[in-house]
Amino acid sequence: MSNHNKLGINSICTHVGEVKDEQFKGAISPIYLSSSYQFYDVDIKRYPRYFNTPNQEALCRKIAALEKTEDALIFGSGMAAISSAMLTFLQKGDHIVLQQTLYGGTYNFVVEEFDKFGIEYSFTDTLHIEDFEKEIRSNTKVIFIETPSNPLLKVVDLKAVASLAKKHDIITMIDNTFASPINQTPVDFGIDIMIHSATKYMGGHSDILAGAVAASKEHIEKLWSLAKNFGGSLSDFTVWMLERSMKTMNLRVKCQNENALKMAKYLEGNPNVERVYYPGLLSHEDHELAKSQMKGFGGMLSFELKENLDAMEFQRNLQLIKPSMSLAGVESTLLSPSQTSHALLSAEEREKQGIKDGLIRFSVGIEETEDLITDIEQAIDKL
Ligand SMILES: *Cc1c(COP(=O)(O)O)cnc(C)c1O
């Protein structure tokens with residue numbers, strides 16, 4: 001790992017953690033699908049569920065280099081990564097502080113499963129640091145954040161959360177999916193454990209499901225010993241596809257950053273749009289904080305049309321942008337959080353979190369923004 005520090009971000013994406021093809025000298029990583037390896041005269045006993053096939057180990061090196069951590073582990077889904085990380089560092093009787101407005105699956109995991117493990121939890125009222133401090137108890141072991149948040153792109157102060165946690169000897173975890181390691185490396189601000197749904201920007205083509213955790217060697221070893229029992233490892237076919245995807249991650253995400261800023265500005269200036277939420281806009285409440293801890297503002301934004309315009313009709317009228325679930329692909333997609341990611345919350349809870357029924361979450365792709373704007377204009381014109 002030592003000399004990776006000198007490489008630029010595109011070189012890390014392209015080269016770090018490749019499996020050398022010693023036999024044929026091919027330019028890319030060969031794929032090793034064996035689920036059975038020799039047991040004697042070997043350094044380690046390899047088995048896919050032990051997270052240690054050649055392709056799995058190689059991809060972990062790439063992810064660790066991008067997150068600037070000592071080590072990483074990849075999983076069969078983002079939720080496998082999140083659930084394994086949480087259950088590694090929480091025992092019966094422990095307490096976790098989670099931020100308000102989390103990815104729906106994370107929220108469901110906590111409220112549906114934690115009682116049976118005897119783990120206590122509380123959610124903050126806002127994303128301000130005082131509200132995290134307020135929730136800390138004598139048995140708090142983990143603080144879990146997700147920034148920028150889904151779907152309003154609110155930003156949590158990484159440095160403040162890390163120093164609060166250190167004061168109380170608490171481990172910090174971040175869901176870094178929305179930013180990707182291209183736009184945000186939380187370890188620089190003292191966060192301990194970085195988690196990704198690699199289904200999103202790491203994969204980037206809406207064709208794989210995967211998760212990742214990056215942290216110190218010590219933390220990853222602990223995580224590994226629980227994760228091998230839970231069995232959420234990633235198939236080597238998908239590992240190989242993910243490695244291929246990650247070679248272009250910086251190019252994709254940079255383009256998505258630029259496109260999202262252009263689209264946010266365009267929407268903000270559109271008289272049919274009520275409000276735009278994007279941390280790169282001066283009008284966003286957390287713009288300064290985002291600027292201080294993010295290298296780019298990301299490809300996600302949300303907006304509300306004027307009240308007299310039907311958000312569902314608008315989405316049905318689109319021809320290029322695809323109204324569909326999930327996010328972060330090279331193609332632009334959008335959805336209504338009230339009907340998808342946040343449908344399980346009560347109307348009052350959505351209201352409290354500021355998620356209006358007409359809110360549209362926009363995952364900006366790599367298309368030319370002129371084409372995206374043309375599509376939006378024709379969809380609004382038809383209303
Ligand atoms: C999609 C997503 C997840 C869950 O990941 P899966 O790969 O679907 O299991 C977690 N957090 C965020 C922010 C996500 O967008």
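Cut-off values and rules
Residues numbered from 1 in each chain as written. Predicted model: local features only at pLDDT ≥ 70, side-chain atom pairs only at ≥ 80, totals over all residues. Heavy atoms only, no water. Helix = DSSP H or I, 4+ residues; strand = E, 2+ residues; numbered from the N terminus. Rg over C-alpha atoms; globule rule 2.2 N^0.38 Å. Buried < 20%, exposed > 50% of the residue type's maximum accessible area, 1.4 Å probe, protein only. Contact = heavy atoms within 4.5 Å. Areas by Shrake-Rupley, 256 points an atom, 1.4 Å probe, with all protein chains shown as cover. Lys, Arg positive; Asp, Glu negative; His and termini not counted. Charge placed at Lys NZ, Arg CZ, Asp CG, Glu CD. Near = heavy atom within 4 Å. Polar contact = N/O pair within 3.5 Å; in protein donor to acceptor, adjacent residues only side chain to side chain. Core = buried A, V, L, I, M, F, W, Y, C linked by side-chain atoms within 4.5 Å. Domains from an automatic or database assignment. Pairing = 2+ DSSP bridges. Axes fitted to C-alpha atoms, helices over the stretch in contact; angles between N-to-C directions. Right-handed = clockwise from strand over helix to strand, strands pointing away.

A.B. asks: Just to check I follow, could you spell out the overall build of the chain for this structure?
C.D. replies: In terms of regular secondary structure, the chain is built from 14 helices and twelve strands. Against the globule reference of 21 Å for 383 residues, the chain gives a C-alpha radius of gyration of 21 Å, in line with a compact fold. For the C-alpha atoms alone, the extent of the chain along its principal axes is close to 70 × 55 × 35 Å. The 383 residues of the chain split such that 56% are buried. Residue pairs in contact within the chain that sit at least 24 positions apart in sequence constitute 72% of those at least 6 positions apart. Surface summary for the chain: the accessible area is close to 17100 Å², and the carbon and sulfur share equals 52%. Taken as two groups, the 39 positive and 52 negative side-chain charges of the chain have centres that lie 5 Å from each other.

A.B. asks: What is the right way to look at the site of the ligand in this model?
C.D. replies: In the neighbourhood of the ligand, 15 residues make up the surrounding shell, with M79, D175, S197, T199 and K200 lying closest. Between an oxygen atom of the ligand and a side-chain N or O atom of S197, the distance comes to 2.9 Å. A per-element tally of the shell around the ligand places helix 3 (residues 78–89) first, with three residues.

A.B. asks: Before we go on, may I ask you to explain the nonpolar core in this structure?
C.D. replies: Soluble, globular proteins show a tendency: their nonpolar side chains are buried together. Counting 46 residues, the largest nonpolar core has I63, I143, I145 and L242 as its most contacted members. Looking at this core, the elements that each hand over two or more residues are helix 1 (9–15), helix 2 (54–67), strand 1 (71–75), strand 4 (140–146), helix 6 (158–167), strand 7 (211–215), helix 9 (236–246) and helix 10 (249–268). Per-element tally for this core: the top contributor is helix 2, with six residues. Residues from two domains meet in this core; each of domain 1 (4–246) and domain 2 (249–381) gives at least three. Setting aside residues up to four positions removed in sequence, I143 forms contacts with V97, F132, I136, V161, L164, A165, I170, I171, T172 and M173.

A.B. asks: Explain the sheet that holds strand 5 (residues 171–175) here, please?
C.D. replies: The pairing of strands in a sheet happens through backbone hydrogen bonds and is either parallel or antiparallel. Across the sheet, which stays open at both edges, the seven strands sit in the order 1-7-6-5-4-2-3 with mixed pairing between neighbours. If you trace the sheet from one side to the other, it starts and ends with strand 1 and strand 3 (120–123), each paired once. In this sheet, adjacent strand axes meet at a mean angle of 20° when their direction is disregarded. Looking at chain direction, strand 5 and strand 6 (residues 193–197) are connected through three bridges and run parallel. Note that in strand 6 the partner of D175 across the bridge is I195. Across the sheet, helix 2 is in contact with strand 1, strand 6 and strand 7; its angle to strand 1 comes to roughly 125°.

A.B. asks: Before we go on, may I ask you to explain the pairing of strand 2 (residues 95–98) in this structure?
C.D. replies: Residues in a regular strand point their side chains to alternate faces of the sheet. Of the two faces of strand 2, the one holding H95 and V97 and the one holding I96 and L98 are both buried throughout. The pairing of strand 2 with strand 3 spans four bridges and is classified as parallel. Residue L98 lies in a different strand from strand 3, and its bridge partner there is F123. The β-α-β motif built from strand 2, the intervening helix 4 (residues 104–117) and the parallel element strand 3 has right-handed crossover chirality. Where strand 2 and strand 4 come together, four bridges link them in parallel fashion. Note on strand 4: the bridge partner recorded for L98 is F144.

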